[in-house]
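Listed below are the residues making up each chain.
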Amino acid sequence: MTEYAKAMRPEDITRLFVERSNAGDAAGVAALYAEDAVLAYPPGSQTVGREAIRELWEKVLAGRPHFEPEEPLPTLVFGDIALTSTPPKDGTGARAQVVRRQPDGSWLRIIDQPEFVPPAG
């Protein structure tokens, strides 16, 4: 298994996600998630578990999408849990993730809501 750089701050995950996605590295993207993580994607459904998330990203990245870096909003930290978010450049409204500190001090996503569409009106 490839050894990936770890997110030593919650905000690092967004940068690593963009780097790995743009490199077409689905396993690297999945490595940013806890084994039991929940991803609210595709829209209207959930993908549960790191392996299922890897499989999903293999399909998504096969189309070679390009992700732009997004400046993270201030992180809210409560002990070993943090809420990260970014204002997306693609007009989807917002992105938010809950991350958990690991025993080695790194952080992994446990809940990922990549798209919030603003209400109409």
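Note that the structure is a prediction, hence the values are computed from the model and not measured. (Residues numbered from 1 in each chain as written. Predicted model: local features only at pLDDT ≥ 70, side-chain atom pairs only at ≥ 80, totals over all residues. Heavy atoms only, no water.)

S.K.: For unusual backbone geometry, give the residues involved together with the corresponding values.
M.R.: Here Y41 and P42 are connected by a cis peptide whose omega angle stands at 0°. Topologically, P42 is positioned in the loop between β1 (33-39) and β2 (47-48). (Helix = DSSP H or I, 4+ residues; strand = E, 2+ residues; numbered from the N terminus.)

S.K.: Now, about the pattern of salt bridges: what can you tell me, with residues and values included?
M.R.: Side-chain pairs of opposite charge can arise whenever the charged atoms involved come near each other. Following the criterion strictly, the structure yields 13 salt bridges and no others. For the salt bridge of R9 with D12, the shortest nitrogen-to-oxygen distance reads 3.1 Å. Residue R54 is joined to E58 by a salt bridge in which the shortest nitrogen-to-oxygen separation is 2.3 Å. Here E58 and R54 lie together in helix α3 (residues 50-62), a separation of 4 residues that amounts to about one turn. Bridged by salt links that share partners, the residues R9, E11, D12, R15 and E19 form one connected network. (Salt bridge = Lys/Arg side-chain N within 4 Å of Asp/Glu carboxyl O.)

S.K.: Which residues make up the side chain of S21, and what are the values?
M.R.: Mapping S21 onto the fold places it in helix α1 (residues 12-22). Ignoring anything within four residues of it in the chain, the contact list for S21 reads V29, L61 and F67. (Contact = heavy atoms within 4.5 Å.)

S.K.: Explain α3 to me, and be specific about the residues and the numbers.
M.R.: Taking 1.5 Å as the rise per residue, α3 with 13 residues should run 18 Å; its terminal C-alpha atoms sit 18 Å apart, in good agreement. Listed in full, the buried residues belonging to α3 are R50, I53, R54, L56, W57 and L61. When α3 is viewed along its axis, its buried side chains cluster within an angular range of 165° and face the same direction. Facing away from the buried surface of α3 by more than 90 degrees, the exposed residues are K59 and A62. Two residues or fewer past α3, R64 is found with a positive phi of approximately 50°. (Expected span 1.5 Å × (residues − 1). Buried < 20%, exposed > 50% of the residue type's maximum accessible area, 1.4 Å probe, protein only. Arc of directions from axis to C-beta.)

S.K.: Lay out the side chain of T75 in plain terms, naming residues and giving numbers.
M.R.: Following the sequence through the fold, T75 ends up in the loop between α3 and β3 (76-78). One polar contact links T75 to E11, side chain to side chain, over a distance of 2.6 Å. Beyond its immediate chain neighbours, meaning those up to four positions away, T75 contacts P10, E11, A82, L83 and T84. (Polar contact = N/O pair within 3.5 Å; in protein donor to acceptor, adjacent residues only side chain to side chain.)

S.K.: Can you tell me about α1, naming the residues and giving the values?
M.R.: Counting buried positions along α1 gives 8 out of 11 residues, so the element sits mostly inside the fold. Along α1, the positions that sit buried rather than exposed are D12, I13, T14, L16, F17, V18, R20 and S21. Taken from the residues just after α1, G24 is the one with a positive phi, measuring 75°.

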